[in-house]
Amino acid sequence: MTICLKSLAGVAMFAVCLSVSFVPANAQSQYVIIGAEPVSEDFKPGRVLKPVTELNIPGGTIVTLLGEDGSVHKIPGPAAITVTEDDISTANKGEQEEGEQNRSTLAKIAGLLAGDAKSSDSLGVARNLGSSKDPKGLADPWVLSVHRSGQGCVKGNNIVLGRANDASEVSFSAKADEGEERNFMWAKGDNQFVLPEAVATASKELYLRITGSDVLIDLHKLPDDVDPANPMAVMGWMVEQGCEGQALAFARDLAKKAE
């Protein structure tokens, strides 16, 4: 899929097409806005750009787009962009199926960003793209929030917990599945806590007692058939498991790391 970009700086105008090596299942190349600097109502996260959508970006604004292939583009203004369609005549069945799956994932991510799927409270403390600030303690998409019960997506053998407030030392307990409940001390100034593998390995559920609250997290481990380097595959899997807050954190992390 391709974005055609026209620079509007000064009196000169030139066109540049940003090509992405991906063949969609049909001529419906799509992008979704995942961030804007500064935050603007005109470029709200979750807005989907389809062929032949045009977007005018004023000077002083940078818009970050996520493509259905997982590519991320930061586009500084002043600029005008147009999303174009791609030739799909050479697409094989596997590419078509991947394209359909990626487009479905993009639509789900767009819905979450736009707030259509669930309220922000259900996504975990400070985990949304509406703010330009890093969500303290929860910026890493593989960190599990201790502020709510729900679904938790993890990879490898470690479970990393995250909290938004690190102003004090906190004692808490953790129990995995039917194992023994163990006590830990979370140091002041630390937003994250790595549970030992003895607690984390192959667990299905994690039960926490922390700051006077009981938190139950259903754990989902990244399967071997999901490539951790494929952002659309990872985010699609997260959404399917119910880890919406982590999927949003993943999208936010992509926007932050984009050139």
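Up top is the structure.
Residues numbered from 1 in each chain as written. Predicted model: local features only at pLDDT ≥ 70, side-chain atom pairs only at ≥ 80, totals over all residues. Heavy atoms only, no water.

### Description of the sheet that holds strand 3 (residues 31-37)
Here is step 1 of the chain: Spatially, 4-3-6-7 is the arrangement adopted by the four strands of the open sheet, whose pairing is antiparallel. Two strands lie at the open edges of the sheet, namely strand 4 (48-49) and strand 7 (72-76), each paired on one side alone.
Here is step 2 of the chain: Judged from the six bridges that link them, strand 3 and strand 6 (residues 62-67) form a sheet pairing that is antiparallel. Directly across from Ala 36, in strand 6, lies its bridge partner Val 63.
Here is step 3 of the chain: Across the sheet, helix 4 (residues 244-257) lies against strand 3, strand 6 and strand 7, angled at about 55° from strand 7, the strand it touches most. (Pairing = 2+ DSSP bridges. Helix = DSSP H or I, 4+ residues; strand = E, 2+ residues; numbered from the N terminus. Contact = heavy atoms within 4.5 Å. Axes fitted to C-alpha atoms, helices over the stretch in contact; angles between N-to-C directions.)

### What about the pattern of salt bridges?
Here is step 1 of the chain: Taken as a whole, this structure holds six salt bridges when the rule is applied.
Here is step 2 of the chain: The partner of Lys 44 in a salt bridge is Glu 41, with the nearest N and O atoms 3.8 Å apart.
Here is step 3 of the chain: Three or more residues are tied together by salt bridges with common partners; here these are Glu 181, Arg 209 and Asp 214. (Salt bridge = Lys/Arg side-chain N within 4 Å of Asp/Glu carboxyl O.)

### As for helix 4
Here is step 1 of the chain: With 14 residues, helix 4 extends 20 Å from end C-alpha to end C-alpha; this agrees with the ideal 20 Å at 1.5 Å per step.
Here is step 2 of the chain: Most of helix 4 is tucked away, with eleven of its 14 residues classed as buried.
Here is step 3 of the chain: Of all the positions in helix 4, only Glu 244, Gly 245, Gln 246, Ala 247, Leu 248, Ala 249, Phe 250, Ala 251, Arg 252, Leu 254 and Ala 255 are classed as buried. (Expected span 1.5 Å × (residues − 1). Buried < 20%, exposed > 50% of the residue type's maximum accessible area, 1.4 Å probe, protein only.)

### What about the side chain of Ser 71?
Here is step 1 of the chain: Structurally, Ser 71 is set in the loop between strand 6 and strand 7.
Here is step 2 of the chain: Overall, Ser 71 belongs to the buried group, its relative accessible area being 15%.
Here is step 3 of the chain: Of the polar contacts made by the side chain of Ser 71, one reaches the side chain of Asp 69; its length is 2.8 Å. (Polar contact = N/O pair within 3.5 Å; in protein donor to acceptor, adjacent residues only side chain to side chain.)

### A few points about the state of the cysteines
Here is step 1 of the chain: By the definition in use, this model includes one disulfide.
Here is step 2 of the chain: The disulfide bridge from Cys 153 ends at Cys 243, spanning 2.2 Å between sulfur atoms. The disulfide joining Cys 153 to Cys 243 has a torsion of about 90° about its S-S bond and is therefore right-handed. Of the two residues, Cys 153 is situated in strand 10 (residues 150-154) and Cys 243 in the loop between helix 3 (231-241) and helix 4; the sequence distance between them amounts to 90 residues.
Here is step 3 of the chain: Given a relative accessible area of 2%, Cys 243 falls into the buried group. (Disulfide = S-S within 2.5 Å.)

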